[in-house]
Number of protein chains: 2
Amino acid sequence: MNDQQLKSFIVAAEEGSLSKAAARSYVSVPSFSQRIQTLERELGFALFARSAQGVTLTPAGESFLQTARTVVSVYEDGLARAVSLARNRVRVGHLSNEPFPSFFPGLINYFARSFPDIEVVFRFAAESTWVEGVRDGLSDVCFATPPSDDATFENLRFTHLFDDPVYLCVSPASPVADCTEVGHGALDGATVYIQPDYRGLPSFEALFALAEEGATVVEAEFSKELIMRVVMEGHGVIPLPGQYFASCCPPLAPVRLSGDTIDQGVIYRADASQPVLDFVACAERYFQEEGSALLATGWAR
Amino acid sequence: MNDQQLKSFIVAAEEGSLSKAAARSYVSVPSFSQRIQTLERELGFALFARSAQGVTLTPAGESFLQTARTVVSVYEDGLARAVSLARNRVRVGHLSNEPFPSFFPGLINYFARSFPDIEVVFRFAAESTWVEGVRDGLSDVCFATPPSDDATFENLRFTHLFDDPVYLCVSPASPVADCTEVGHGALDGATVYIQPDYRGLPSFEALFALAEEGATVVEAEFSKELIMRVVMEGHGVIPLPGQYFASCCPPLAPVRLSGDTIDQGVIYRADASQPVLDFVACAERYFQEEGSALLATGWAR
DNA sequence: AGGTTTTACGGTAGTCGTAACGATA
DNA sequence: TATCGTTACGACTACCGTAAAACCT
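- In the nomenclature of an unreviewed UniProt entry, chain A corresponds to LysR family transcriptional regulator from the organism Adlercreutzia shanghongiae.

This is how it looks when you write it as C-alpha cells:
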C-alpha cells in the first residue's frame, strides 16, 4: 500500500473510468491501470468490475473506498500538523466565507517583528466553526468568543485579547446614521439582522430580545450581499463586532451601540506547541499595548 | 508514503534504535536506515535525532508517530473488513479470555452444511465488549444478550436465538449439589460470585438483590481459576448461563436455578453483508430446530 | 469507428544486501 | 574498542510511457 495507489483508487472510483482517472492524474492509461492492478494484487481481491463502459466498484471495493478515504485524510492532516511543528509554524484557522478581522495585519506584523523565525500560515476552510478545526488539529489557533458549551471545549484553552464594542451597520439615510453612539431604544421598530452564531453572546442577548419590543429580528447569515442591501436600500440595521465592522463597511460611519462589549480572544489546544504559545502571548501583549489605542481612534473606520 | 515506511517508523520509534528495529524487521541495518531517510525526505522534516546511542523522536516525529499508528490501524482494519466481504467471510467476534459457548461447534457445523461456500472466521480480541468490535467493523457478528443502552447500539441489530437457563456452579460437597433445580432461597447465607457484566440482565437482577437477604454477593471476573476455587474449596456459588456452564464446568452436575432465563442472540450491523445475514438466519433456524432438544437433553452437561 | 481496459517492452528510478566508513562513549 | 548510524556500490525489482492488442457498443 502507498498513498499514490490509494489516491489513484479514490480518483478511479469517483470517475468510474480508468482512462478519465488517468487523465485527471496526468499519467498514461496503462500506468494507471497497472497501479490499480498492483493494488488489487496486494490487497488480494478485486476493487473494480471492468467493462467496455468503464469500471464499477465491487462490494469489497466499496468498503475499501471508505478506508482509503479515511487513511488519506488522516495521513494528510497528520502530516500538516507534524510539518507545522517541524517548521516553527503557527496555523491560524479562518472560515473561508467570512471577512478578515481588521486587526489581523497589525497583529501579524507585530508578531513577525517579535518572532521572525516563526512562520504564520492562514488556513481557510469550511468547518462549521473555527473551534472544530483547532480541536481536530487542523489549525493551531483561531480567533473567537469564549465557547458556551464545554463539550467541544475539551482540551482547548481560551485566552482573552480585547473587549470588542458593537457597531451598527445602517443606511446613511437613517436618522441614527449621524450619531456616534445610540442605545437599544434607537432600534424600536427597526428591522435587525443578526448572525445566528451570535446567539449565546451576552452582548447580543438583549438584541434578540428586541423582538418582544416591536423590532423585527431576522436571523441571517453574515454576508457582503446582506450588508449592501441594508446600506443601499435602507432595509434595516446590522449590529456587528467592531473588528468585522471595519473590514465589511468601509464607507459607513461607525455608530456605536451602547451596552456590553464582546469578549474576543484566541482558542488553542491545551497541548499546543511553543510557537503557538508564543503567538498567543504575543497577541495578548499586542492588545495590551496597542488595543486601547486602536479602539480609541476608532478601528471601526 | 507506504505502509512499509510507516511500520518501520513505528518500530524504530518503539525500539529507539535503528539497528534493533532492523533486526526486529529482519532487514539489514543500511536498508532500514534508508527507509527512514526516504520517509523523512518525502515528509520534508526529520523524524529522529540521531546519536551514537540510538535515535530519539523529534517533536514533529512524536506528532507523526500518532498519525502513523492511526493510519496503519485504520488501513489494516479496513482491509480485513473488505477481505471478508470479498471472500464470503463471516467474522465471529469473541473475547479471548472467555470460554467458548457450548453450542458453537454444533452451530458452525450446521452452518457449514447449509452454506458450504461461506467461510467462518473467529476473531479473538480484547475489546471491553464484543458489541464494540461489531460496531467498529472489526467483527461481523457476536453472541450476546440484548444491549441495555441505546447509545452503543446505534446502527446495530439484535436477533434472538434462544432462552438460556441459569445453572449453578457449586462444590459437589454442597447440600444442593444433588438437586436438579433450586430456587433463590437455596442461596441464603451462601457466597455468590457474579460477573459484573451481568448487571442489567433481568434474570440476574434478583441475584444482585440477594445481598439484602443475607447472602454475600461478590462481583468477580469470570475465570477458570475462580470456578476451580469454588468447586475445589467450596467457597461459594457461581450462577452461569447454561452455554457457559457446559464449557466451564464439565465435571459438575447441572443445578438449574429456577426463575427467568437469559435472552441470548446475535448482534450484527444494520448494514451487514449477505453472508452475515445468512449466518444470522441460519443460527435462528438452528436453534428453532435443535435448540429445544439441546436444552431438554441438558446441553449444560 | 470510437470508446474501453490490457499486454508487451525498453528505459529510468527505487530498494535491497554486502562492505567499508565516520562518529561517539 | 565496541556500538551506532551512514555512505558506496552492484544486483534486482518496480514503475512509467509508447506501441499494439483485445474487447464491447
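1. Details of helix H1 (residues 3–15) of chain A
Residues and elements named next belong to chain A.
Then step 1. Between the first and last C-alpha of H1 there are 18 Å, a value that for 13 residues agrees with the 18 Å anticipated at 1.5 Å per step.
Then step 2. Burial in H1 covers these residues: Asp 3, Gln 5, Leu 6, Ser 8, Phe 9, Ile 10, Val 11, Ala 12 and Ala 13.
Then step 3. Elements in contact with the buried residues of H1: helix H2 (18–24), helix H3 (29–43), strand E1 (48–51), strand E2 (54–57) and helix H4 (59–86).
Then step 4. Its side-chain oxygen placed 3.2 Å from the backbone nitrogen of Gln 4, Asn 2 serves as the N-cap of H1.
Then step 5. Two residues or fewer after H1 comes Gly 16, characterised by a positive phi angle close to 70 degrees.

2. Examining the protein's contact with DNA strand C
Then step 1. Neighbouring DNA strand C are 21 residues, the closest being A:Leu18, A:Ser19, A:Ser33, A:Arg50 and B:Gln53.
Then step 2. Within the side chain of A:Arg50, one N or O atom sits 2.6 Å away from a phosphate oxygen of DNA strand C.
Then step 3. Within the side chain of B:Ser31, one N or O atom sits 2.9 Å away from a phosphate oxygen of DNA strand C.
Then step 4. Where the surface near DNA strand C is concerned, the elements lending two or more residues are H2, H3 and E2 of chain A together with helix H3 (29–43) of chain B.
Then step 5. Ranked by residues supplied to the surface near DNA strand C, first place goes to H3(B) with 5 residues.

3. Considerations on the packing of H4(A) against helix H4 (residues 59–86) of chain B
Then step 1. Relative orientation of the contacting elements H4(A) and H4(B) amounts to 180 degrees, with a least axis distance of 9 Å. The pairing of H4(A) with H4(B) is recorded here as roughly antiparallel in orientation.
Then step 2. Residue composition of the contact of H4(A) with H4(B), grouped by class: 20 nonpolar, 8 polar and 2 charged.

4. Observations regarding the UniProt feature "domain: HTH lysR-type" (unreviewed entry) in chain A
Then step 1. The UniProt record marks residues 1–58 of chain A with the feature "domain: HTH lysR-type" (unreviewed entry), using the residue numbering of this structure.
Then step 2. Segment residues 1–58 of chain A splits into 60% helix and 14% strand. End C-alpha atoms: 19 Å apart.

5. Digging into the relation of the copies chain A and chain B
Then step 1. In screw terms, the move from chain A to chain B is a rotation of 180 degrees and a rise of 0.1 Å along the axis, fitting with an RMSD of 0.1 Å. Seen this way, the second copy is the image of the first under a two-fold rotation axis. Minimal C-alpha distance to the rotation axis in chain A is attained by A:Asn2, lying at 1.9 Å.
Then step 2. A shared binding surface is used by both copies, with 100% of the interface residues of chain A retained as interface residues in chain B.

6. Looking at the interface of chain A and chain B
Then step 1. Tallying the contact residues gives 23 residues for chain A and 23 residues for chain B.
Then step 2. The interface formed by chain A and chain B includes 4 residue pairs in polar contact (both at pLDDT 80 or more).
Then step 3. For the side of chain A that touches chain B, the element with the most residues is H4(A), which contributes 16 residues.

7. Some details on the packing of helix H1 (residues 3–15) of chain B against helix H2 (residues 18–25) of chain B
Residue and element names in this part refer to chain B.
Then step 1. It is the contact of H1 with H2, at a shortest axis distance of 8 Å, that shows an interaxial angle of 125 degrees. Classified by the interaxial angle, the pair formed by H1 and H2 is oblique. The handedness of the crossing between H1 and H2 is right-handed. Here H1 contributes Val 11, Ala 12, Glu 14 and Glu 15 to the contact with H2, which in turn contributes Leu 18, Lys 20, Ala 21, Arg 24 and Ser 25.
Then step 2. Split into classes, the residues belonging to the contact of H1 with H2 amount to 4 nonpolar, 1 polar and 4 charged.

8. Regarding the protein's contact with DNA strand D
Then step 1. Lining the immediate surroundings of DNA strand D are 22 residues, of which A:Gln53, B:Leu18, B:Ser19, B:Ser33 and B:Arg50 lie closest.
Then step 2. The protein-proximal atoms of DNA strand D, defined as those within 4 Å of the protein, are 78% sugar or phosphate.
Then step 3. A:Ser28 is positioned such that a nitrogen or oxygen atom in its backbone is 3.1 Å from a phosphate oxygen of DNA strand D.
Then step 4. Contact between DNA strand D and B:Ser19: a phosphate oxygen at 2.7 Å from a side-chain N or O atom of the residue.
Then step 5. Among the secondary structure elements, those contributing two or more residues to the surface near DNA strand D are H3 of chain A together with H2, H3, strand E1 (48–51) and strand E2 (54–57) of chain B.
Then step 6. Among the elements that take part in the surface near DNA strand D, H3(A) stands out by supplying 5 residues, more than any other.
Then step 7. Looking at the surface near DNA strand D residue by residue, the classes come out as 8 nonpolar, 12 polar and 2 charged.

Rules and cut-offs
- Residues numbered from 1 in each chain as written.
- Chains lettered and ligands numbered in written order.
- Predicted model: local features only at pLDDT ≥ 70, side-chain atom pairs only at ≥ 80, totals over all residues.
- Heavy atoms only, no water.
- Helix = DSSP H or I, 4+ residues; strand = E, 2+ residues; numbered from the N terminus.
- Expected span 1.5 Å × (residues − 1).
- Buried < 20%, exposed > 50% of the residue type's maximum accessible area, 1.4 Å probe, protein only.
- Contact = heavy atoms within 4.5 Å.
- Polar contact = N/O pair within 3.5 Å; in protein donor to acceptor, adjacent residues only side chain to side chain.
- Near = heavy atom within 4 Å.
- Axes fitted to C-alpha atoms, helices over the stretch in contact; angles between N-to-C directions.
- Parallel < 35°, antiparallel > 145°, perpendicular 65-115°, else oblique.
- Nonpolar A, V, L, I, M, F, W, Y, C, P; charged D, E, K, R; others polar.
- UniProt positions renumbered as here; feature names shortened; annotations may be inferred.
- Least-squares fit on C-alpha atoms with pLDDT ≥ 70 in both.
- Left-handed = near helix turned anticlockwise from the far one by under 90°.

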